[in-house]
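Structure at a glance
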Amino acid sequence: MARRKLVYEGKAKIMYEGPEPGTMVQYFKDDATAFNAEKKAVIDGKGVLNNRLSEFFMVGLGNIGVPTHFIKRLNMREQLIRACEIIPLEIIVRNVAAGSLSTRLGIEEGTALPRPIIEFCYKDDKLGDPLVAEEHIIAFGWASQQDLDDIVALALRVNDFLSGCMLAVGIKLVDFKIEVGRVWDNDFQRLILADEISPDSCRLWDIETGKKLDKDVFRRDLGSLTDAYTEVARRLGVLPNNSGPVTRPTLIN
Ligand code: TMP
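What you see is a predicted model; the values in this text were computed from it and never measured.

1. Quick notes on the overall build of the protein
- Within the protein, the regular secondary structure consists of six helices and 14 strands.
- Rg of the C-alpha trace for the protein: 18 Å, near the compact-globule value of 18 Å for 253 residues, within the 12% margin.
- Considered along the principal axes of its C-alpha atoms, the protein spans approximately 55 × 50 × 35 Å.
- Taken over 253 residues, the protein has a buried fraction of 51%.
- Within the protein, residue pairs in contact and separated by at least 24 positions form 57% of the contacts whose partners lie at least 6 positions apart.
- Carbon together with sulfur atoms contributes 54% to the accessible area of the protein, which is approximately 12,500 Å² in total.

In structure tokens:
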């Protein structure tokens, strides 16, 4: 059998060339990293959970008309996606102060924000993904003003959808990060939601107890990351309630 071509290996995912032109296969690894890969671990089952959860959110967003890269899940760790040119920005939406916003501005974690705040970071591991302003983005040509307007509108739709999904299962969506890519339909450029949406890229707190159900469990050594992600998947109905601990055998397809 011909070996497929690896296009790019990141910290948590690998991208392979897809079966048709314009497609790619996105493979979810079990690797967890934090603080720009200063902290690393392999967490059994994380890739399987994130593949399923990202599918769940991307399909839901697609159903309300948000364009995404997701085509279909292929197996436990892989999904077929539309190839796109990733805009080199991490787009962060915050509803509640936490993480780097709290550190940077001295706002206590858990403080509700008066409105959703959108931040942009320039995607560059060597620089540690620095926070940038719209001025930098436009001046350096990473995206146009029109792209930014479209990105903000898209990010707010994703925020409304994800906040609702989470609220329905007793979880507060504190903040999250998305990435956006460009695709071309003939001569027209469109922006689509790319990368992943999973507890790796969100902050999720139990509404009643405040318990963290996201990657901060790993960043801050708060317990089992797999248990936290399994809890999110169970509440959303992505995993049956009676399934055992999430390791490989639990998720067959
Ligand atoms: P921050 O508070 O550390 O800036 O993180 C904001 C949100 O972005 C949080 O939900 C976690 C997510 N995030 C990523 O997805 N990747 C990253 O590399 C970082 C630093 C944060």
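2. Things to note about a negative patch on the surface
- Taken together, the side chains of E134, E135, D149 and D150 make up a negatively charged region of the molecular surface.
- Broken down by secondary-structure element, the contributors of at least two residues to the negative patch are α3 (134-139) and α4 (145-167).
- Positionally, E135 belongs in helix α3.
- According to the relative accessible area criterion, E135 is exposed, its value standing at 65%.

3. Details of the environment of A233
- Among the structural elements, A233 can be located in helix α6 (residues 225-235).
- When its relative accessible area of 1% is taken as the criterion, A233 is described as buried.
- When the C-alpha atoms of A233 and V25 are compared, they prove to be 22 Å apart, with 208 residues separating the residues in sequence.
- If we skip the residues at most four places from it in the chain, A233 touches L49, L53, V238 and L239.

4. Observations concerning the UniProt feature "domain: SAICAR synthetase/ADE2 N-terminal" (unreviewed entry) in the protein
- Per the UniProt record, "domain: SAICAR synthetase/ADE2 N-terminal" (unreviewed entry) is annotated on residues 7-235.
- In the segment residues 7-235, helix accounts for 30% and strand for 35%; the C-alpha atoms at its two ends are 34 Å apart.

5. Some details on the nonpolar core
- Core analysis: the largest hydrophobic core is formed by 51 residues, its most contacted members being L89, V158, I178 and I197.
- With nine residues, the single largest contributor to this core is α4.
- Among all residues touching L89, those that are not within four sequence positions of it are F120, C121, Y122, K123, V132, I137, W142, L148, I178 and E179.

6. Re the sheet that holds strand β6 (residues 70-73)
- With antiparallel pairing, five strands are arranged side by side in an open sheet as β1-β2-β3-β7-β6. The open sheet is flanked by β1 (6-9) and β6, the only strands paired with a single partner. Across the sheet, the axes of successive neighbouring strands diverge by a mean angle of 25 degrees, strand direction being ignored.
- Where strand β3 (residues 23-28) lies against strand β7 (residues 78-82), five bridges are found, and the strand directions are antiparallel. Along β7, the bridge assignment pairs V25 with L80.
- Along the sheet, helix α1 (residues 46-63) makes contact with β3, β6 and β7, crossing β6 at roughly 135 degrees.

7. Focus: the pattern of salt bridges
- In the structure shown here, the tally under the stated rule is 28 salt bridges.
- Taking the shortest distance from any N to any O, the salt bridge between E90 and K177 comes out at 3.9 Å. Highlighted residues: E90 in strand β9 (residues 89-96) and K177 in strand β12 (residues 171-185), separated in sequence by 87 residues. We note that E90, like K177, is buried.
- Here R182 makes a salt bridge to D147, at a shortest N to O gap of 2.9 Å.

8. Notes on the site of the ligand
- Around the ligand, the surrounding shell holds 14 residues, and the nearest of these are R94, S100, D175, K177 and R203.
- The side chain of R94 places a nitrogen or oxygen atom 3.0 Å from an oxygen atom of the ligand.
- Within the side chain of S100, an N or O atom sits 2.6 Å from an oxygen atom of the ligand.
- Listing elements by their share of the shell around the ligand, those giving two or more residues are β9, α2 (99-105), β12 and β14 (202-206).
- Each residue belonging to the shell around the ligand can be placed in one class, and the counts come to four nonpolar, three polar and seven charged.

About the thresholds
- Residues numbered from 1 in each chain as written.
- Predicted model: local features only at pLDDT ≥ 70, side-chain atom pairs only at ≥ 80, totals over all residues.
- Heavy atoms only, no water.
- Helix = DSSP H or I, 4+ residues; strand = E, 2+ residues; numbered from the N terminus.
- Rg over C-alpha atoms; globule rule 2.2 N^0.38 Å.
- Buried < 20%, exposed > 50% of the residue type's maximum accessible area, 1.4 Å probe, protein only.
- Contact = heavy atoms within 4.5 Å.
- Areas by Shrake-Rupley, 256 points an atom, 1.4 Å probe, with all protein chains shown as cover.
- Patch = residues over 30% accessible without salt bridge, like charges linked within 9 Å, V, L, I, M, F, W, Y side chains within 5 Å.
- Salt bridge = Lys/Arg side-chain N within 4 Å of Asp/Glu carboxyl O.
- Lys, Arg positive; Asp, Glu negative; His and termini not counted.
- Charge placed at Lys NZ, Arg CZ, Asp CG, Glu CD.
- UniProt positions renumbered as here; feature names shortened; annotations may be inferred.
- Core = buried A, V, L, I, M, F, W, Y, C linked by side-chain atoms within 4.5 Å.
- Pairing = 2+ DSSP bridges.
- Axes fitted to C-alpha atoms, helices over the stretch in contact; angles between N-to-C directions.
- Near = heavy atom within 4 Å.
- Polar contact = N/O pair within 3.5 Å; in protein donor to acceptor, adjacent residues only side chain to side chain.
- Nonpolar A, V, L, I, M, F, W, Y, C, P; charged D, E, K, R; others polar.

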